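Listed here are the chains, written in short residue letters.
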Amino acid sequence: MARNLARIRESIADSARQAGRDASDIELVAVSKTVPLEGILAAIDAGQTLFGENRVQEALLKLEALGAPAAGQAAAFHLIGHLQSNKARHGSAFAMVESVDSVKLARALSRRSHDSLAILLEVNVAGEASKDGFQPDELEPALREIRALPNLNVQGLMTVAPLAVDPEEVRPHFRRLRELRDAFGLDALSMGMTNDYEIAIAEGATLVRIGRAIFGER
Ligand SMILES: *Cc1c(COP(=O)(O)O)cnc(C)c1O
């Protein structure tokens, strides 16, 4: 696993170099969903401190087991999966909620968070019927309302690209997300997973969410 991590970090640096970008502008979110605590601890030992989880309950159990940062653990978690509005009180457990997919959820997070909770808006760039996220044309009014809410810090956009046999097929979707990010004057761009992170980096990703290439097949 430490070897996987080193290989991925190197590959991220290569992709950044090829794109004329600074590798330090790209953060690796190690997606640890379904990975037992020992796997996360091994990754921490290998120097990885940022993790992504898609289920709140699973993430809370892991956070509790790892102990508070004050106890010496430097690990931080991003929520990358759907969060029900009625569970918004758990948002503050995360360093960032990447998967804000409705104004309703943003309002609930705003009510429930005490200080500035970092969030991304999830965009369904390909307009897939099965996927959560804002449609691109819903973003402007949603952002206007969400940016006005207290206790939230809207940092950027996130997307989960469609499954594709050829990763090149996802490039236009990544490009579209970057254009939206630029149009709204945001910073963060979370896109790219095991199959397509190289392309996401070429298209401007600032956060890549990688699970299987680090922890193995789920
Ligand atoms: C599982 C997951 C990932 C990581 O996918 P891999 O193919 O394991 O790299 C990234 N983003 C989200 C939202 C996920 O649910």
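Residue numbering note: each chain is counted from 1, following its sequence as written. Thresholds applied to this predicted model are a pLDDT of at least 70 for local features of residues and 80 or more for the giving and counting of side-chain atom pairs; totals over whole chains, interfaces and linings are not thresholded and use all residues. Heavy atoms from the whole structure form the basis of all side-chain values; hydrogens and water molecules are not counted.

*Asks:* Please set out the pattern of salt bridges residue by residue, giving values where relevant.
*Replies:* Once their charged atoms are close, side chains differing in charge can pair, the charge on each being opposite to the other. A side-chain nitrogen of Lys or Arg and a carboxyl oxygen of Asp or Glu constitute a salt bridge if their distance falls within 4 Å. Summed over all chains, the structure comprises twelve salt bridges. The salt bridge partner of R175 is E203, with a shortest N-O separation of 2.8 Å. Taken as a pair, R175 in helix α6 (residues 171-183) and E203 in the loop between α7 (197-202) and β8 (207-210) lie far apart in primary sequence, 28 residues in all. Burial classification: accessible surface area is computed with a 1.4 Å probe over protein chains only, and a residue below 20% of its type maximum counts as buried, one above 50% as exposed, and the rest as partly exposed. In this structure R175 comes out as partly exposed when scored by relative accessible area, which is 36%. R178 is the partner of E203 in a salt bridge, and the nearest nitrogen-oxygen pair spans 3.6 Å. Here E203 is found in the loop between α7 and β8, whereas its partner R178 is found in helix α6, with 25 residues between them in sequence. Only DSSP runs of H or I covering at least 4 residues are called helices, and only runs of E covering at least 2 are called strands; the numbering of each starts at the N terminus.

*Asks:* I'd like to hear about the environment of A42, residue by residue, with values.
*Replies:* For A42, the location among the structural elements is in helix α2 (residues 37-45). On a C-alpha basis, the gap between A42 and S102 in space is 35 Å, while along the polypeptide they are 60 residues apart.

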